[in-house]
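# Examining the three-dimensional arrangement
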Amino acid sequence: MDTIYRLMEAVLPYEFMQYNFMKNALIAVLIITPLFGILGTMIVNNKMAFFSDALGHSAFTGMAIGILLGISDTNLSMIVFAVVFALLLNRIKLKNSVSTDTIISVFSSLSTATGLVILSRGGNFSKYSALLVGDILSISPKEILFLLLIFVVTLLFWGLCFNKLHAMSLNSSLAKSKGVPIVLLDNIFVVLIALIVMLSIKWVGILIINALLILPAAAARNIAADMREYHLFSVIIAVFSGIAGLILSYYLSLATGPTIVMIAAVIFFLTFLIRTFVNE
Amino acid sequence: MSEKKDSTNRKSILDQDDMLANNRMSEKKHMIDKKEVYKRIKAAPCATGAKMQTQHGAACGLHCIRMKDIGVKVGKTTIIEHINLHIHCGKLTVIIGRNGAGKSTLIKAMLGEIKHEGTIEFKDMRNNSLSDLKIGYVPQHLNVEKNTPTSVYDMFASYISNVPVFLWKSKKVYKKVKEQLAMFKAEDLIDKKVCDLSGGELQRVLLSIACTPVPNLLLLDEPVSGIDRNGMELFYHNIENLKNNYDLAMILVSHDLEFVERYADYVILIDKTIIKEGAPKEVLSSKEFEEVFGSSRKAWV
């Protein structure tokens, strides 16, 4: 880690780089944002924005269960609960296609409420309020390692299975006729989203994690003509918003997550304008 | 060769096939009078029809797909039941029926996408062996909205190759996609966005995806709207071409009775189960057809 720190100091001789927490935060941002940029493309394609939002909210219950069971590392209970939650929602989605959004909403509200009820026992909720907005400056090298691991796993999965995921998102019956194992892949995909959301939720925050997943891809969609541009723009927009948001929040003493989201939102509106302009 | 027993009949097919195997190379060079073939297939009963075809068309006619007692239940509701179908390669079978009669459900059952009762067998009559049925599918519509950044290449490559389309465009795959699109005169569309295609263009692209590689059974779910008359003509023309040049059976779910009358070899009218089947004229003039479509028939045509 020290070598990386020294390297970062040499490459980025700025004032904010002298603190180790800022170095950690920058590394974390450089891992999380491209990850979100990549995953977001498929979430937006599949119209799963609501689904990933519900997944984020399940963090409340996951954490609450961890505390009830007396687990010291609530990350574990959050991840387990989120994975179960994601698979359950996916099953419901596959079973009845009629009112998926209502069902997702019910489960999302339920898990939020359950989590809040348990966490606020004895009027102690303020202890957990950091979970709402997240705090990327508190990330530790060990947690960065986890992020790096999931980053590599995601890249591998994307490289091997993206075509099949894309085929499914266009028409699942057609994908099925070409021999794509649609249920399996769909499940792997939502488990992956669950893992990534849970591993980064403490740094990004429950309230805005979904924005970070959706905005870069939605912005890229406005200006991309094919899948390569879509991914490229999405990753660039995500990384740019992440770094700009981190630095800006440092100098202006703002919460980092929301600053990143605001920048991404501004970019979204810019690309939206570009699209409208080009179309006319 | 007027065998009555099934076994002797099968033997004769096998004998004939031996002979055909010897002559296969020279046979393929023959010019084919397709119209003649169709007349004879239509007129002939199932097994003999298959033999006739071997002598004339590119479809060998020796593959058959037999669906026995297909039924689908969702909860306690029966969507379709007791559907028996026997389909040969080189034939266009058209399924018609009112909305909600179970046409799409039947297609989904054939694709194996939903659980169903009954069996689907794909038999090679040359050696009487069962093999895996390769199904091609042309869906009614795609989950593509305005602005979806998916080019025709992206879509096509996603279905036929593992080279990740988000990373780079593979020259090899690109060439292959272009060739396949050319089969249906759609090669110029390769760099267009899928969401910008017209209904007819999209259907040609989907048809070439379904035929890469050429399946044993092609299932086509015809779009209800969005394709103009010229597009429809071209679509049926393409289907005719496929039928004439490749060894495959086709099932089309159709909403356009006029085209059905002109192009179908066999028509199946379903309403939960098969209520009438036979040659197009026969089905379209039956009393069952009248009951289902009533006086709206005139509005259809």
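So, how was this worked out
- Residues numbered from 1 in each chain as written.
- Chains lettered and ligands numbered in written order.
- Predicted model: local features only at pLDDT ≥ 70, side-chain atom pairs only at ≥ 80, totals over all residues.
- Heavy atoms only, no water.
- Helix = DSSP H or I, 4+ residues; strand = E, 2+ residues; numbered from the N terminus.
- Rg over C-alpha atoms; globule rule 2.2 N^0.38 Å.
- Contact = heavy atoms within 4.5 Å.
- Phe/Tyr/Trp six-rings, centres within 6.5 Å; stacked < 30°, edge-to-face > 60°.
- Lys NZ or Arg CZ within 6 Å of the ring centre and 35° of its normal.
- Pairing = 2+ DSSP bridges.
- Buried < 20%, exposed > 50% of the residue type's maximum accessible area, 1.4 Å probe, protein only.
- pLDDT = per-residue confidence, 0-100.
- Core = buried A, V, L, I, M, F, W, Y, C linked by side-chain atoms within 4.5 Å.
- Axes fitted to C-alpha atoms, helices over the stretch in contact; angles between N-to-C directions.
- Buried area = accessible area lost by both parts, 1.4 Å probe.
- Salt bridge = Lys/Arg side-chain N within 4 Å of Asp/Glu carboxyl O.
- Polar contact = N/O pair within 3.5 Å; in protein donor to acceptor, adjacent residues only side chain to side chain.
- Patch = residues over 30% accessible without salt bridge, like charges linked within 9 Å, V, L, I, M, F, W, Y side chains within 5 Å.
- Areas by Shrake-Rupley, 256 points an atom, 1.4 Å probe, with all protein chains shown as cover.
- Parallel < 35°, antiparallel > 145°, perpendicular 65-115°, else oblique.
- Left-handed = near helix turned anticlockwise from the far one by under 90°.
- Nonpolar A, V, L, I, M, F, W, Y, C, P; charged D, E, K, R; others polar.
- 1 Å grid on protein atoms, 1.4 Å probe; cavity = no way out; pocket = protein on both sides within 12 Å on 5 of 7 lines; lining within 4 Å.
- Points joined across faces, edges and corners; volume = space filled by probe spheres on them.

## Describing the overall build of chain A
A count of helices and strands for chain A gives 12 helices and 0 strands. When the helices and strands of chain A are placed in sequence order, the string is α-α-α-α-α-α-α-α-α-α-α-α. At 19 Å, chain A has a C-alpha radius of gyration in line with the 19 Å of a compact globule built from 280 residues. Seen along its three principal axes, the alpha-carbon backbone of chain A occupies a region of about 55 × 55 × 35 Å. Considering only intrachain contacts with a sequence separation of at least 6, the fraction spanning at least 24 residues in chain A is 74%.

## So, the packing of aromatic side chains
Tallying each qualifying case throughout the model produces 12 aromatic pairs over all chains. Seen from their ring centres, W158(A) and F189(A) are 5.9 Å apart, and the 40 degrees between their planes marks the pair as tilted. A residue pair is termed long-range when its members are at least 10 positions apart, and W158(A) in helix α7 (residues 141-170) and F189(A) in helix α9 (residues 182-204) qualify at 31 residues. Ring centres of Y250(A) and Y251(A) lie 5.0 Å apart, and the angle between their planes is 80 degrees; on these two criteria the pair is classed as edge-to-face. Among the aromatic residues, those joined into a cluster by ring pairs are F157(A), W158(A), F162(A), F189(A) and F166(B). Stacked on the ring of Y266(B), the Lys or Arg K91(B) has its end atom at 5.0 Å from the ring centre. Over the aromatic face of Y153(B) sits the side chain of K169(B), whose NZ or CZ is 5.9 Å from the ring centroid.

## Let's talk about the pairing of strand β10 (residues 273-278) of chain B
Sheet topology places strand β9 (residues 266-271) of chain B next to β10(B); 5 bridges connect them, and they run antiparallel. Its bridge partner being in β10(B), L269(B) is matched across the sheet by K276(B).

## Let's talk about the side chain of S169(A)
Following the sequence through the fold, S169(A) ends up in helix α7. For S169(A), a relative accessible area of 8% gives the class buried.

## Describing the confidence of the model for chain A
In the predicted model, chain A carries a mean pLDDT of 86, and the fraction of residues at 70 or more is 99%. In the model of chain A, helix α1 (residues 2-11) of chain A stands out as the element of lowest mean pLDDT, 78, in contrast to helix α11 (residues 227-252) of chain A, which has the highest, 92.

## Details of the nonpolar core
In this structure, W158(A), F189(A), I96(B), M155(B) and L218(B) are the most contacted members of the largest nonpolar core, which totals 169 residues. Considering every element that reaches this core, the biggest residue donor is helix α2 (residues 20-45) of chain A, with 15 residues. Residues in contact with F189(A), not counting those within four places in the same chain, are L39(A), M42(A), I43(A), N46(A), M48(A), F157(A), W158(A) and L165(A).

## A short note on the sheet that holds β9(B)
All names here are of chain B. Strand order in the open sheet formed by 6 strands is β6-β7-β8-β3-β9-β10, with mixed pairing between adjacent strands. A single partner strand is all that each edge strand has here, and the edge strands are β6 (135-138) and β10. Each adjacent strand pair in this sheet contributes to an overall mean axis angle of 20 degrees, direction not counted. Note that strand β7 (residues 217-221) and strand β8 (residues 249-253) share 5 bridges and pair parallel.

## Let's talk about the confidence of the model for chain B
The predicted coordinates ought not to be read in detail in places where the model reports low pLDDT. Residues and elements named next belong to chain B. On average, residues of chain B score 73 in pLDDT, and 74% of them are at 70 or above. Taken element by element, chain B is modelled with least confidence in helix α3 (residues 46-56), mean pLDDT 36, and with most confidence in helix α5 (residues 152-160), mean pLDDT 89. Every residue in residues 1-57 scores below 50 in pLDDT, and together they form 55 contacts with partners more than four places removed in sequence or on other chains. In the predicted assembly, ipTM is 0.80 and pTM is 0.79.

## Considerations on the interface of chain B and chain A
With 38 residues of chain B at the interface, the matching set in chain A holds 30 residues. Roughly 2,900 Å² of surface becomes buried between chain B and chain A when both sides are summed, with 52% attributable to carbon and sulfur atoms. When the area that chain B buries against chain A is broken down by residue, the three leading residues are P149(B), Y159(B) and F166(B), summing to 28%. Counting the contacts that link chain B with chain A gives 2 salt bridges. Among the ionic pairs, E145(B) bridges to K47(A), the shortest N-O distance being 3.8 Å. Here chain B is connected to chain A by 20 residue pairs in polar contact (both at pLDDT 80 or more). Contributions of two or more residues to the side of chain B that touches chain A are made by α4 (103-111), β6, α5 and α7 (199-210) of chain B.

## Remarks on a nonpolar patch on the surface
Taken together, the side chains of Y14(A), L248(A), Y251(A), L252(A) and L254(A) make up a nonpolar region of the molecular surface, amounting to roughly 520 Å² of accessible area. Here Y251(A) lies in helix α11.

## Here we look at the packing of α2(A) against α9(A)
Residue and element names in this part refer to chain A. At their nearest, the axes of α2 and α9 sit 11 Å apart, and the two run at 140 degrees to each other. Classified by the interaxial angle, the pair formed by α2 and α9 is oblique. Read as a crossing pair, α2 and α9 show a hand that is left-handed. Of the residues in α9, those touching α2 at I32, L35, F36, L39, M42 and I43 are F189, L192, I193, I196, S200, W203 and V204. Residue composition of the contact of α2 with α9, grouped by class: 12 nonpolar, 1 polar and no charged.

## A short note on the environment of L170(A)
With respect to the secondary-structure elements, L170(A) resides in helix α7. When the C-alpha positions of L170(A) and A244(A) are compared, they lie 34 Å apart, and in sequence the two are 74 residues distant. Aside from chain neighbours lying at most four places away, what touches L170(A) is L142(B), N143(B), V144(B), T150(B), M155(B) and Y159(B).

## Re empty space enclosed by the protein
All names here are of chain A. Under the definition given, this model contains 3 cavities of 30 Å³ or more. The calculated volume of the second largest cavity comes to roughly 60 Å³. If you go around the second largest cavity, the residues you meet are V29, I32, T33, I136, W203, V204, L212, T256, G257 and I260. When residues of the lining of the second largest cavity are traced back to their parent elements, those giving at least two are α2, α9 and α12 (256-279).

## Structural notes on the packing of α5(B) against helix α6 (residues 171-182) of chain B
All names here are of chain B. Running from amino to carboxyl end, α5 crosses α6 at an angle of 100 degrees, the nearest separation of the two axes being 10 Å. It follows from the interaxial angle that α5 and α6 lie roughly perpendicular. Here V152, Y153, F156, A157 and I160 of α5 come into contact with α6, specifically with V173, Y174, K176, V177, Q180 and L181. Per-class residue counts for the contact of α5 with α6 are 9 nonpolar, 1 polar and 1 charged.

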